Amino acid sequence: MRLTSPAKVNLFLAITERRPDGFHNLLSVASTLVWGDEIEVEVKDSPGFELICSHPEVPTDESNLVLRAARAFQARAGGRPLGVRFILNKVIPVGAGLGGGSGNAVAALRALNALHGDPLDSGTLAEIASSLGSDCVLFLSPGPLVMRGRGEKTSPLPPAAEAALRGKPILIFKPGFGINTAWAYREMEARAPALYLPPEAAEARLERWTSDPEQWAELLFNNMETVAFEKYVALPTLLAKLRTQFALPCGMSGSGSACFALLREDTDREAVATCIRDAWGPEALLIESKIA
């Protein structure tokens, strides 16, 4: 069995407060993309799980979410011990804020469930996914949606807002460095509550956008940009240039370092790509995709 494991993008991300359990509450509009990794699942004769990855920097031991997802599936589904080999063709960069690892875990869950005749219903899969990572549930439902809690509570967008996003061309671009998510959250905590956006303010901003979905300035918000941009000035410098020279709505996804720009039909793709590579060098990743 071969599945696509899509990347995701946070178009709106408000970290609202630190929770007693150490996690953070958030409000986000996020979506999977029509681009991502590919994961192949092979049944083995002998029991046990094995992971092979095309990217040398991705761990293939028990720290990888794919194997953790497989163990969690086995524990809930029961039955005879499974023998499965996962072959992961990795194109989503690590440390990008694009949800590559979370998407891989959910692809593994979906594959195992299908291979065994769908013993687990959607609610159980969502429960397992949320135990693996805060944004894993997003990958069970392709397309844009709203995330709350620590990311595990999802709900649909109003129809007009969803229609404004589905299928929209988007450019994903990432410099040659990543940003550690744990570091970014620690930096926000160190200046709490100044960098948090209170829940009421976050909900009000989201409501302003959903009432007029073409107002991209209301949607594109990410308060994790503050700490990322202070340390990595190449990010805000380029985004400002894209807004000024090409009038592109753009921002940073998640904790970074990947950024995105929403494209129009008349956007000069070649000129934009040249601008990005001039700023970040030839090693910068550029992918044009669509919001699922």
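Here the structure is a predicted model, which means the values were calculated and not measured.

Chemist: Help me understand the overall build of the protein chain, please; the structure alone is not making it clear to me.
Modeler: When you go through the protein chain residue by residue, the secondary structure sums to ten helices and eleven strands. For 292 residues, the compact-globule estimate of 2.2 N^0.38 gives 19 Å, and the protein chain sits close to it at 19 Å. Expressed along its principal axes, the backbone C-alpha trace of the protein chain runs to roughly 60 × 40 × 40 Å. For the protein chain, buried positions account for 53% of its 292 residues. Within the protein chain, counting contacts between residues at least 6 apart in sequence, those at least 24 apart form 73% of the total. Per element, the accessible surface of the protein chain, about 12800 Å² overall, is 51% carbon and sulfur. Computed over 29 positive and 34 negative side-chain charges, the inter-centroid distance for the protein chain is 2 Å.

Chemist: Mind showing me how you'd approach a nonpolar patch on the surface here?
Modeler: A grouping of M1, V43 and L115 is seen on the molecular surface, where their side chains present a nonpolar patch of about 270 Å² in accessible area. Looking at where L115 falls in the secondary structure, it is placed in helix α2 (residues 100-115). Take L115: its relative accessible area is 35%, and that puts it in the partly exposed class.

Chemist: When you look at the layout of surface pockets in this model, what are you seeing that I'm missing?
Modeler: With a probe scaled to a water molecule rolled over the atoms, the places where space remains empty come into view. Considering only enclosed or pocket space, the largest pocket measures out at about 1100 Å³ in volume. Together, 44 residues line the largest pocket, and G99, S102, D135, T181 and S255 are the ones closest to its centre. For the lining of the largest pocket, the elements supplying multiple residues, two or more each, are β1 (2-18), β2 (24-43), α2 and α5 (181-190). Here the lining of the largest pocket is built from residues that sort into 18 nonpolar, 20 polar and six charged.

Chemist: Just to check I follow, could you spell out the side chain of N223 for this structure?
Modeler: Checked against the element boundaries, N223 lands in the loop between β8 (221-222) and α8 (225-231). Within the structure, N223 has its side chain in polar contact with the backbone nitrogen of I15 (distance 2.9 Å).

Chemist: Sorry, what's going on with the sheet that holds strand β11 (residues 285-290) here?
Modeler: Remark on secondary structure: sheet strands pair via backbone hydrogen bonds, oriented parallel or antiparallel. The sheet built from four strands is open, its strands ordered β9-β10-β7-β11 with antiparallel pairing. With one partner strand each, in any of the chains shown, β9 (250-252) and β11 form the two edges of the open sheet. Across the sheet, the mean angle separating the axes of adjacent strands is 20 degrees when strand polarity is ignored. Summarising the sheet, strand β7 (residues 169-174) and β11 pair through six bridges and their orientation is antiparallel. Each residue of the ladder has a partner; that of I170, found in β11, is S289. Here helix α9 (residues 234-246) sits on the sheet and contacts β7, β9 and β10 (259-262); the angle it forms with β9, its principal contact strand, is near 165 degrees. Set on the sheet, helix α10 (residues 269-280) makes contact with β7, β10 and β11; between it and β7 the angle comes to about 15 degrees.

Chemist: Looking at this structure, how should I read the packing of α9 against α10?
Modeler: In a pair of packed helices, the angle between the axes and the distance between the axes together describe the arrangement. Here α9 crosses α10 at 155 degrees, and the two axes come no closer than 11 Å. As judged from the angle between their axes, α9 and α10 are roughly antiparallel. Helix-helix and strand crossings are classified by hand; for α9 and α10 the assignment is right-handed. Contacts from A234, L235, L238, K241, L242, Q245 and F246 of α9 reach α10 at A271, V272, C275, I276, A279 and W280.

Chemist: Before we go on, may I ask you to explain the pairing of β2 in this structure?
Modeler: For a regular strand, side chains alternate in direction, first toward one face of the sheet and then toward the other. For β2, a buried count of 15 out of 20 residues is recorded, marking the element as mostly surrounded by other parts of the structure. Inspection of the sheet shows β1 paired to β2 by 14 bridges, in the antiparallel sense. Its bridge partner being in β2, P6 is matched across the sheet by G36. Where β1 folds back onto β2 in an antiparallel hairpin, the turn is made up of five residues, including G22, whose phi is positive at roughly 95 degrees. In the sheet, β2 pairs with strand β5 (residues 145-148) via three bridges, with the strands oriented antiparallel. When the sheet's bridge partners are listed, A30 is paired in β5 with L145. Here six bridges tie β2 to strand β4 (residues 83-89), and the two strands are oriented antiparallel to one another. Bridge assignment links E40 to a residue of β4, and that residue is I87.

What counts as what
Residues numbered from 1 in each chain as written. Predicted model: local features only at pLDDT ≥ 70, side-chain atom pairs only at ≥ 80, totals over all residues. Heavy atoms only, no water. Helix = DSSP H or I, 4+ residues; strand = E, 2+ residues; numbered from the N terminus. Rg over C-alpha atoms; globule rule 2.2 N^0.38 Å. Buried < 20%, exposed > 50% of the residue type's maximum accessible area, 1.4 Å probe, protein only. Contact = heavy atoms within 4.5 Å. Areas by Shrake-Rupley, 256 points an atom, 1.4 Å probe, with all protein chains shown as cover. Lys, Arg positive; Asp, Glu negative; His and termini not counted. Charge placed at Lys NZ, Arg CZ, Asp CG, Glu CD. Patch = residues over 30% accessible without salt bridge, like charges linked within 9 Å, V, L, I, M, F, W, Y side chains within 5 Å. Salt bridge = Lys/Arg side-chain N within 4 Å of Asp/Glu carboxyl O. 1 Å grid on protein atoms, 1.4 Å probe; cavity = no way out; pocket = protein on both sides within 12 Å on 5 of 7 lines; lining within 4 Å. Points joined across faces, edges and corners; volume = space filled by probe spheres on them. Nonpolar A, V, L, I, M, F, W, Y, C, P; charged D, E, K, R; others polar. Polar contact = N/O pair within 3.5 Å; in protein donor to acceptor, adjacent residues only side chain to side chain. Pairing = 2+ DSSP bridges. Axes fitted to C-alpha atoms, helices over the stretch in contact; angles between N-to-C directions. Parallel < 35°, antiparallel > 145°, perpendicular 65-115°, else oblique. Left-handed = near helix turned anticlockwise from the far one by under 90°.

Purely geometric stuff here, so don't read any function into it on its own.
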